[in-house]
Amino acid sequence: MVSDKKKRRRIELILALCIVLSVVIGVVLGKTLSEIKNIDIRADLQNYEPALPTQILDRNGDLITELFSDEKREIVPIEKLPKHLIYALISREDSDFFTHHGLSFRQFFRSLYNIVAGNYFSGFSTLTMQVAGAHYTDRTEISITRKIKDVWYAFQIEKALTKNEILEIYMNEVYFGHGTYGVESASQFYFGHSAKDITLAESAILVIQLASPAAYSPINHPDVARARQIDVLNSMVEKGYCTREDADASFAEYWDNYDYSRSNIASAYIGNDSRAPYFSEYVRLQLNDMLYGAVDVNKDGYVVHTTLDLGIQDAAQRIMDKAYRELNIEYRKYSDNRYEIVNDQYIDLVDLLSLTFNIEDIRVTGSKQKSAATNTYFKEINPTLNVLSSVFGFNALQQATVAGFKMEKKMNEKDTVEGALITLENNTGRILSMIGGSDFETKQFNRAIDASVQPGSSIKPLYYSAAITSRKFTPATRLYDGPVVFYDESGNPYEPLNYLGTWEGSVLLRYALANSMNVPSIQVLEGIGFETAIDRISRMTGLSDKRNDVTLFPRGFTLGLGVTALAPINMARAFAVFPNQGKEVVPISIISVEDRQGNIILEPEKERLREKQKNKSEDQIMSPQTAYIMTDMLQSTVEYGTLANRRRQVGGFDGMPMAGKTGTPQNWTAAWTVGFSPYYTTAVWFGFDVMGNSLGRYLTGATAAGPYWAMYMKEIHKDLEPKEFPKPESGLIRVKVCRISGLLPTNDCDDGTLDEIFLVGTEPQRTCDIHKFEKQRDEELLQRLQNNLLIEDVPLGSYNLPELDLPDFMLDDSGDSDSHGNNNSGDSGTGGDDYNPFLD
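Parameters at a glance
Along every chain, residues carry numbers that run from 1 in the direction the sequence is written. Only residues with pLDDT of at least 70 are given local features in this predicted model, and only at 80 or more are side-chain atom pairs given and counted; all residues enter the totals for whole chains, interfaces and linings. With hydrogens and water excluded, all non-hydrogen atoms of the structure serve as input to the side-chain values. Per the convention used, a helix needs a DSSP run of H or I reaching at least four residues, while a strand needs a run of E reaching at least two, with both numbered from the N terminus. Exposed residues in this analysis have more than 50% of their type's maximum accessible area, buried residues have under 20%, and partly exposed residues fall in between, with area computed by a 1.4 Å probe over protein chains only. Any two residues whose heavy atoms approach within 4.5 Å at even a single point are treated as in contact. The Shrake-Rupley method, run with a 1.4 Å probe, gives the accessible areas here. Residue values count only the displayed protein chains as cover. Here, strands pair whenever DSSP counts at least two bridges between them. Only the stretch in contact is used when fitting a helix axis, every axis being a line fitted to C-alpha atoms; angles between N-to-C directions are given from 0 to 180 degrees. Throughout, nonpolar core names a set of buried Ala, Val, Leu, Ile, Met, Phe, Trp, Tyr and Cys residues whose side chains join them through atoms within 4.5 Å. Centres within 6.5 Å are what make two rings of Phe, Tyr or Trp a pair, Trp counting through its six-membered ring; a difference in plane orientation under 30 degrees is then read as stacked, over 60 as edge-to-face, and the rest as tilted. Throughout, the term roughly parallel applies to angles under 35 degrees, roughly antiparallel to angles over 145, roughly perpendicular to angles from 65 to 115, and oblique to all others. Each residue gets one label: Ala, Val, Leu, Ile, Met, Phe, Trp, Tyr, Cys and Pro are nonpolar, Asp, Glu, Lys and Arg are charged, and the others, such as Gly, are polar. Should the near helix be turned anticlockwise from the far one by less than a right angle, the crossing is termed left-handed; should it be turned clockwise, right-handed. Should a side-chain nitrogen of Lys or Arg be within 4 Å of a carboxyl oxygen of Asp or Glu, the pair is scored as a salt bridge. Per residue, pLDDT captures the predictor's confidence, and it can take any value from 0 to 100. What counts as a disulfide here is a pair of cysteine sulfur atoms lying within 2.5 Å. Polar contact is the term for a pair of N or O atoms within 3.5 Å; when the atoms are in protein, one must be able to donate a hydrogen and the other to accept it, and sequence-neighboring residues count only if both atoms are side-chain atoms.

Colleague: With reference to specific residues and values, describe the overall build of the protein chain.
Modeller: Helices and strands together make up the secondary structure of the protein chain, namely 28 helices and 18 strands. Relative to its full complement of 840 residues, the protein chain shows a buried share of 50%. In the protein chain, 71% of the contacts between residues at least 6 apart in sequence involve partners at least 24 apart. Looking at the protein chain as shown, the accessible area adds up to about 39900 Å², and 52% of this sits on carbon and sulfur atoms.

Colleague: Requested: an account of the sheet that holds strand 7 (residues 431-435), with residues and values cited.
Modeller: In spatial order, the strands read 7-6-16-15-14; together these five strands make up an open sheet with antiparallel pairing. The two strands at the open ends of the sheet, each matched to only one other strand, are strand 7 and strand 14 (659-663). Looking at each pair of strands side by side, their axes are set apart by 5 degrees on average, direction ignored. Where strand 6 (residues 418-425) meets strand 16 (residues 680-687), eight bridges bridge the pair, whose relative direction is antiparallel. If you follow Glu418 over to strand 16, its bridge partner there is Gly687. Lying over the sheet, helix 27 (residues 701-716) contacts strand 6, strand 7, strand 14, strand 15 (671-676) and strand 16, oriented at roughly 30 degrees with respect to strand 15.

Colleague: Could you give me a rundown of the pairing of strand 14, with the residues and numbers involved?
Modeller: Working note: regular strand, side chains alternate between the two faces of the sheet. Strand 14 sits mainly inside the fold: five of its five residues count as buried. Pairing of strand 14 with strand 15, which is carried by five bridges, proceeds in the antiparallel orientation. In the sheet register, Lys661 faces strand 15, and the bridge partner there is Val674.

Colleague: So, the sheet that holds strand 5 (residues 303-306): which residues are in play, and what are the values?
Modeller: Strand order in the open sheet made by the five strands is 2-1-5-12-13, with mixed pairing throughout. Two strands lie at the open edges of the sheet, namely strand 2 (63-67) and strand 13 (600-602), each paired on one side alone. Taking the axes of each pair of neighbouring strands and ignoring which way they run, one obtains an average angle of 25 degrees across the sheet. Note: strand 12 (residues 590-594) against strand 13, two bridges, orientation antiparallel. When the sheet's bridge partners are listed, Val593 is paired in strand 13 with Leu602. Sitting on the sheet, helix 13 (residues 277-291) is in contact with strand 1 (54-57), strand 2, strand 5, strand 12 and strand 13, with an inclination near 60 degrees to strand 12.

Colleague: Any details on the nonpolar core? Residues and values, ideally.
Modeller: Ile422, Met434 and Tyr463 are the most contacted members of the largest nonpolar core, which has 92 residues in total. If we ignore the near neighbours within four places in the chain, the residues touching Tyr463 are Ser521, Val524, Leu525, Ile528, Ala533, Ile537 and Gly560. With 50 residues, the next largest nonpolar core counts Tyr136, Phe189, Leu206 and Ile219 among its residues.

Colleague: Account for the packing of aromatic side chains, with residues named and values stated.
Modeller: Applying the stated criterion across every chain yields a total of 25 aromatic pairs. Ring centres of Phe578 and Phe676 lie 6.2 Å apart, and the angle between their planes is 40 degrees; this geometry places the pair in the tilted category. Of this pair, Phe578 sits in the loop between helix 23 (568-576) and strand 12 while Phe676 sits in strand 15, and the two are 98 residues apart along the sequence. Its relative accessible area of 2% is what places Phe578 among the buried residues. Relative accessible area serves as the criterion here: at 0%, Phe676 is assigned to the buried category. Relative to Trp709, the ring of Phe653 lies with its centre 6.1 Å away and its plane at 70 degrees, an arrangement referred to as edge-to-face. Taken together, the residues Phe653 in the loop between helix 26 (644-649) and strand 14 and Trp709 in helix 27 connect sequence positions 56 residues apart. Trp709 shares its class with Phe653; the two are buried.

Colleague: Give me the lowdown on the side chain of Ser203, citing residues and values where you can.
Modeller: Within the fold, Ser203 resides in helix 9 (residues 200-208). Residues contacting Ser203, with those up to four places away along its chain left out, are His84, Leu85, Ala88 and Ile198.

Colleague: Go over the packing of helix 9 against helix 12 (residues 244-256), please, and point to the residues and values.
Modeller: Where helix 9 meets helix 12, the closest approach of the two axes is 7 Å, and the angle between their N-to-C directions is 75 degrees. By the criterion of interaxial angle, the relationship of helix 9 to helix 12 is roughly perpendicular. Only Asp246, Ala247, Ser250, Phe251, Tyr254 and Trp255 of helix 12 make contact with helix 9, whose side of the interface consists of Leu200, Ala201, Glu202 and Ile205. For the contact of helix 9 with helix 12, the class distribution of residues is seven nonpolar, one polar and two charged.

Colleague: Break down the packing of helix 11 (residues 222-238) against helix 12 for me, with residues and values.
Modeller: Orientation of helix 11 relative to helix 12, taken along the N-to-C sense of each, is 165 degrees, at an axis distance of 10 Å. It follows that helix 11 is roughly antiparallel to helix 12 by the angle criterion. Between helix 11 and helix 12 lies a crossing whose hand is right-handed. Of helix 12, the residues touching helix 11 (which contributes Pro222, Arg226, Gln229, Ile230, Leu233, Asn234 and Val237) are Arg244, Ala247, Phe251, Tyr254 and Trp255.

Colleague: Talk me through the environment of Ala512; I want residue IDs and the actual numbers.
Modeller: Structurally, Ala512 is set in helix 20 (residues 509-514). With 37 residues separating them along the chain, Ala512 and Pro475 place their C-alpha atoms 9.4 Å apart. Apart from residues lying up to four places away in sequence, Ala512 is in contact with Tyr464, Val507, Met517 and Pro520.

Colleague: Run through helix 21 (residues 518-528), naming residues and quoting values.
Modeller: With 10 of 11 residues buried, helix 21 lies mostly within the body of the structure. Every buried residue belonging to helix 21 is among Asn518, Val519, Pro520, Ser521, Ile522, Gln523, Val524, Leu525, Gly527 and Ile528, and all of these are buried.

Colleague: Describe the pattern of salt bridges, naming the residues involved and giving the relevant values.
Modeller: Side chains carrying opposite charge are able to pair once their charged atoms draw close together. The final tally for this structure, using the stated rule, is 25 salt bridges. For Glu531, the salt bridge is made with Arg547, and the minimal N-O distance between the two is 3.4 Å. Taken together, the residues Glu531 in helix 22 (residues 530-541) and Arg547 in the loop between helix 22 and helix 23 connect sequence positions 16 residues apart. Look at the salt bridges and you will find they share partners, linking Glu418, Lys443, Arg447 and Asp689 into a network.

Colleague: How would you explain the confidence of the model for the protein chain if you had to name every residue and give the values?
Modeller: Low-pLDDT stretches of the model should not have their predicted coordinates read in fine detail. The predicted model of the protein chain averages 80 in pLDDT, with 71% of residues at 70 or higher. The low-confidence segment residues 263-271 (pLDDT under 50) makes 32 contacts with residues lying over four places distant or belonging to another chain. This model gives residues 339-347 a pLDDT under 50, and the stretch forms seven contacts once residues within four places in sequence are excluded.

Colleague: Lay out helix 8 (residues 183-191) in plain terms, naming residues and giving numbers.
Modeller: An α-helical turn contains 3.6 residues, so any two residues separated by three or four positions project in the same direction. Burial runs high along helix 8: eight of the nine residues are buried. Residues Val183, Glu184, Ser185, Ala186, Ser187, Phe189, Tyr190 and Phe191 constitute the buried set of helix 8. Among the structural elements, helix 3 (83-93), helix 7 (163-173), strand 3 (175-177), strand 4 (180-181), helix 9 and helix 12 are those in contact with the buried residues of helix 8. Count one or two residues on from helix 8 and you reach Gly192, which has phi positive near 80 degrees.

Colleague: An account of unusual backbone geometry is requested, with residue identities and associated values reported.
Modeller: Of note, the phi angle at Ser516 is positive, near 55 degrees, even though the residue is not glycine. Mapped onto the fold, Ser516 is located in the loop between helix 20 and helix 21. Positioned with a positive phi, Trp668 is a non-glycine residue whose angle comes to about 55 degrees. Within the secondary structure, Trp668 is located in the loop between strand 14 and strand 15.

Colleague: With reference to specific residues and values, describe the state of the cysteines.
Modeller: Applying the stated rule across the entire model yields zero disulfides. Cys749 provides the cysteine sulfur closest to Cys738, a residue in no disulfide bond, and the two sulfurs are 3.7 Å apart.

Colleague: So, the environment of His84: which residues are in play, and what are the values?
Modeller: As for its placement among the helices and strands, His84 is situated in helix 3. When neighbours within four sequence positions are excluded, His84 is seen to be in contact with Ile198, Thr199, Leu200, Ser203 and Met236. Within the structure, the side chain of His84 is placed 2.8 Å from the backbone oxygen of Ile198, a separation counted as a polar contact.

Colleague: Outline the environment of Ile435, supporting the account with residue identities and numerical values.
Modeller: Tracing the sequence through the fold places Ile435 in strand 7. Separated by 157 residues in sequence, Ile435 and Tyr278 place their C-alpha atoms 6.4 Å apart. Other than its neighbours up to four places away in sequence, Ile435 contacts Gln313, Ala316, Gln317, Met320, Tyr324, Gly419, Ala420, Leu421 and Ala448.

Laid out in structure tokens, this is it:
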């Protein structure tokens, strides 16, 4: 009985809720429908015209460019499109399209169930509803009222138009990412050919862009795109739209020919005359991510206020253009000289060995002729054949010439020095300039944002800062620069080298960082541990979510010399932490966005500031005191380290303090300089798009990137008032120390002293006794020499005795000014450089 009563009450409650819900829906539906205008759907859609382009302004209100796409949009009749493209679309977006009348009840109830069950939020918009929403409702409004309007207009569209007409509207208007609207524009951008010729696998790639172009872009996220592509192809096979054999063959063909560097086909954006093309495209992608599903940034007439400064951008463009020209000339000189040496000195010898011992595989006779013939074919013959094949319709020949162009392009990419530059405002993270490469129209790959390259020794300051925080190390910690073998936890040996194998012996930490010495840096890394170093590096570069990725952040000594993969924007934000008093710097490109009526609809910068206020402690990566010590040490790089010659080359910085670090990855594959003033931080990178090439030993971080960084930083600071880096009022102390030992000086410290800065409590407490020991040693050695040679009355000091490089056990423990316990001594040498961080 009790059970029956409970069941009856539940039924009554459900019925009551249904009645109430029906009344509410009825009222809302009646009110909504009363507000909907009666319009001629067919005539309205035929007369629909896009409105205004979106303006992108710099921080001073000057026009960077206008975004518009309609001139580039090509309408493709639905009957011209392959059926597998349509099947891919409906398989992914609206499987009931050909059977519903505007609303799919199956999708509606499935979405409702998922929401009620708390599984996940899923939409139920059909393709027709999406067309209705794009033309008749405000997609920024998230409400039941708007959904009812979408459904009502969808019903009207279904009555007025055929299914093919609806598909044609949708396929020619929808956004596919990277500034492409409509299937034709998207196909040209992603694949380099018309949508009429799109393959099965390419169709799957296109339709997944509809869900999220930012997340599923095959250019920015090929691995994610591949996984979603497989889902679409599997769905098409299950629904009988294609066979498994066709799907697998098309999939394999697509990825076998995929260009991982980036598509080189012009997008709709290319037609726009932008003063900062890489930045404008970056902003476009940001806007589409922020406003996706609600707007078309190419036609809705927005005004976007950005962080860019066109004056700074123009300086960056001018100096980087100069760098591209000069560095490619120098690289070709180096390459030509290298090949000449091989041709002149080794080829004949190798051929002789080949003939003598009958070794066919090493025979190289005629290599000069082959090289000359290859160049002639690509430069002169192939273009002529391409024209002839087009004129006379020789399809097979045309395909061969296209293959030749592709091969030439790959060869050029391998041998062309590219580069990137990005500047951030220290305290705000505003992107003030961005150069993503030498030629945007040829290749839209934004190396400032999307490159994945080794930073080399420019990574060292990041974990050095963790060493200062640990209080185990100070700028005056005495380290050893010489041949040392390090062993990891598995017992694997690692022996880093300096440029040309030069060593300096005993050095202080400040000097080691300024001159980019490798063995001392690995000692620092070993002293703090891999996990501590990775935690600091990942936070500063904005990659905390990837700190456990052992491929990105290897738990080994190679990490200390920059064997990871970062973009210039990561390095710029990391270095900006130092002049920003240890606080995280998050790059930002958009200040605010206005609609066509002048209403502010987005304020990303203000939103970020509000978020920072809520989480003040989280953005403090290191203490202001540690940040200041690192800033002070990195100024030494400019004063007497690897950037000293660059400072002298530009005639100084007119009283503006500068700090920075150079970097050259293994085998001279790239050149970095990252540095900052009290105002701005700039990262400059030069290298190759194709891995495996080398700039050569003479184009390094100091000699290739350093000069252009220095020229640029001097240029953009010329109208700014010089000021000092912000210094904390407490927690720091300056102490005079011995230049050799880093300890408190005595009268015996003949090599001089320096004023060093410390965290309070880490300054040295012991006095230097190295020089006293050396004098006693010299006197004893001279006495022995006199006794052995039976020389009398030889005044002390008449012999210039060579300094000895003594092992650790012969030195007193007082040789350290820190708690790390490294007691080393050595000769002072000729100053290292950052030319080659390590050679295996």
